[in-house]
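Structure assessment
If you want the building blocks of each chain, they are given just below.
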Amino acid sequence: MATVTTDRSVALFERALALIPGGVNSPVRAFGSVGGTPRFIARARGCYLWDVDGNRLIDAVGSWGPMILGHAHPVVLEAVSSALASGTSFGAPTELESELAERVLERYPGCQRVRFVNSGTEATMSALRLARGATGRDLTVKFEGNYHGHADALLVAAGSGALTTGVPSSDGVPEAVAGTTLVAPYNDLDAVAALFERFPDRIAAVILEPVAGNMGVVPPAAGFLEGLRDLTRSHDTLLIADEVMTGFRLAPGGAVERYGIDADLVCWGKIVGGGLPVGAYGGPAELMDQISPVGRVYQAGTLSGNPLAMAAGVATLGCMADLPDLYCTLERRGAALEAGLLEAARGASVAVTINRVGSMLTVFFTDIPVVDLPSARAADEAAFGRWFHGLLARGVYWPPSPFEAAFLSYAHEDAEVEVLIETAAAAFCEVT
Ligand code: HOZ
């Protein structure tokens, strides 16, 4: 293995540490759970990143999901630069907002209205406020290890960076706010039923990641989503699908389409902004029209519907629609990667459980099935860290946490999937 120079990343991290908490603007990037120095990225194209020391990496992070077409897609770049030439923000409506709204709503026939915000956090936070406003109830249910962004009420038993840093419930969240969030184990319908019994007529909404991605990938157990729908409906409680990671990725209509979920509200982020900061939430007109200025549930944003971000979203969803083989190609390459990784781990006598749905995948260093947060946390984090560094040293940028999903894009061709498998095989040999 050639020696890798990372001097510039190291120097830039030192500089950032003195200026930015932890040197990063989002905790997972700091390599907290795998150790070492994060690579600073200079540029990206297709499925490759180049760090500031000139090392080329196959990217299995994809900016945590948005880059389904690969980085710097020419059509997306052209759309953004043409919007850029007309000005960057007007604080007034533009045609692009309706164009993107049409593209979102045609993929989610259960939704008639969509509101654009700036992040997934804003989307879920606003959807919960709407659910409370619409039902006149205060309590909500979320699942252990699901992550819905960093709004106060949702930073309870949270996944993603909250697990990386070992604080699934953040300091600074008032008791009174955290107390409005009830928590159930993922894939456990009985626990949800018990909460409904304990708090009759008080639960406004159940929010979930229909395929969990923020404790690593954990698919819904058979009957879980259907059971949740029945339970919520029978208690006049809204069901909110957080499709920030899965929306437009697992099918044109995301997990809602793939699993046939009849959600009341859907939240999006990532792909809908084509790599620019966009979140969104949507649902039927009678619910969404309770949002200001039509209704009494307030939500606003100076940069919401920003023209550059809308242009990137329109171009991304447009390009995806022009690729008839997009989802079957992602599925095929995802399956090939899963099979190759399993074989490689077996060859190195390393016990792994791989959870994959379409182009989202997590390698858990454990021999037990991973179906919820306790089973995800039972995996060997130190072994993951060794494997991660084995990959990185050989030119693969895997998510730097055992509690995240790796993402394939359409730009990862069969050849890159092969390289990922070969590299993983070499890294598995260093795990034990
Ligand atoms: N799992 C996170 C987003 N869904 C990773 C991104 C971040 O927090 O920076």
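Notes on the structure in this doc start here. (Residues numbered from 1 in each chain as written. Predicted model: local features only at pLDDT ≥ 70, side-chain atom pairs only at ≥ 80, totals over all residues. Heavy atoms only, no water.)

**Some details on the overall build of the protein chain**
Under the convention used in this document: Here a helix means four or more residues in a row that DSSP labels H or I, a strand means two or more in a row labelled E, and each is numbered from the N terminus. Each radius of gyration is computed over the set of C-alpha atoms, and the globule rule expresses the reference value as 2.2 Å times the number of residues to the power 0.38. With a 1.4 Å probe rolled over the protein chains alone, any residue whose accessible area is under 20% of its type maximum counts as buried; one over 50% counts as exposed, and the rest are partly exposed. Contact definition: two residues touch when any of their heavy atoms are within 4.5 Å. Computed with a 1.4 Å probe, the accessible areas rest on the Shrake-Rupley method; for each residue, only the protein chains presented here act as cover.
Looking only at helices and strands, one finds 15 helices and 14 strands in the protein chain. Compactness check: the protein chain gives a C-alpha radius of gyration of 21 Å against a globular reference of 22 Å for 432 residues, within 12% of the reference. Counting only C-alpha atoms, the protein chain reaches 60 × 55 × 45 Å along its principal axes. When each of the 432 residues of the protein chain is scored for burial, the buried share is 57%. For the protein chain, restricting intrachain contacts to residue pairs at least 6 apart in sequence, the fraction spanning at least 24 positions comes to 72%. When the accessible surface of the protein chain is split by element, carbon and sulfur atoms take 53% of a total near 17,300 Å².

**Some remarks on the environment of cysteine 319**
Summarising the element assignment, cysteine 319 is placed in helix H11 (residues 307-321). Note: C-alpha distance between cysteine 319 and valine 76 (243 residues apart in sequence) is 8.4 Å. Setting aside its immediate chain neighbours within four residues, cysteine 319 contacts Leu69, His73 and Val75.

**Section: the nonpolar core**
Selection criterion: Joining through side-chain atoms within 4.5 Å is the link that ties buried Ala, Val, Leu, Ile, Met, Phe, Trp, Tyr and Cys residues into a set, and such a set is a nonpolar core.
Counting residues in hydrophobic clusters, the biggest one holds 62 residues, and the most contacted among them are Val104, Phe116, Phe143, Phe248 and Trp268. By residue number, the principal contributor to this core is H11, which donates 8 residues. Counting residues in each nonpolar core, the second largest holds 41 residues, with Cys47, Phe388, Ala406 and Ala424 among its members.

**Concerning the packing of aromatic side chains**
Where two aromatic rings form a pair, the distance of their centres and the angle of their planes describe that pair. As a reminder of what qualifies: Pairing of aromatic rings covers Phe, Tyr and Trp, the last counted by its six-membered ring, and requires centre-to-centre distances within 6.5 Å; plane angles under 30 degrees mean stacked, over 60 mean edge-to-face, and any other angle means tilted.
Enumeration over the complete set of coordinates arrives at 16 aromatic pairs. Plain terms: the ring middles of phenylalanine 31 and phenylalanine 388 are 5.2 Å apart, the flat faces sit at 90 degrees to each other, and that makes the pair edge-to-face. Taken together, the residues phenylalanine 31 in the loop between helix H1 (7-17) and strand E1 (41-45) and phenylalanine 388 in helix H14 (residues 381-393) connect sequence positions 357 residues apart. Judged by its relative accessible area of 1%, phenylalanine 31 is buried. For the pair phenylalanine 143 and phenylalanine 224, a centre-to-centre distance of 5.4 Å together with 75 degrees between the ring planes defines the contact as edge-to-face. Remark: phenylalanine 224 occurs in helix H8 (residues 224-234) and phenylalanine 143 occurs in strand E5 (residues 139-143); sequence separation between them is 81 residues. One aromatic cluster in this structure is built from Phe31, Phe365, Phe384, Trp387, Phe388, Trp398 and Phe428.

**As for the pattern of salt bridges**
To be explicit about the condition: Every case where a carboxyl oxygen of Asp or Glu lies within 4 Å of a side-chain nitrogen of Lys or Arg is listed as a salt bridge.
As enumerated under the stated definition, the model contains 12 salt bridges in all. The partner of arginine 229 in a salt bridge is aspartate 264, with the nearest N and O atoms 3.0 Å apart. Highlighted residues: arginine 229 in helix H8 and aspartate 264 in the loop between helix H9 (254-259) and strand E9 (265-268), separated in sequence by 35 residues. Linked by salt bridges that have partners in common, Arg258, Glu331, Glu338 and Arg356 make up one network.

**Notes on the site of the ligand**
Stated formally: Only heavy atoms are used to decide nearness, and a residue is near a molecule or strand if one of them lies within 4 Å of it. A pocket here means an open set of points on a 1 Å grid, computed over the protein atoms alone, that has protein on both sides within 12 Å along at least five of seven lines. A cavity is instead a set of points where a 1.4 Å probe fits but cannot get out; residues with an atom within 4 Å of a point line either one. If over half the atoms of a molecule are within 2 Å of the grid points of a cavity or pocket, the molecule is regarded as sitting in it. Any residue outside Ala, Val, Leu, Ile, Met, Phe, Trp, Tyr, Cys, Pro, Asp, Glu, Lys and Arg is labelled polar, Gly included; the first ten of those are nonpolar and the last four are charged.
Looking at the ligand, the residues that line it are Ser26, Val28, Trp64, Ser160, Asn214, Lys270 and Glu404. Compared with its free state, where it exposes 280 Å², the ligand has 86% of that area covered by protein. Mapping the ligand onto the cavity grids shows that it belongs to the largest pocket. Of the residues that constitute the shell around the ligand, the class distribution is 2 nonpolar, 3 polar and 2 charged.

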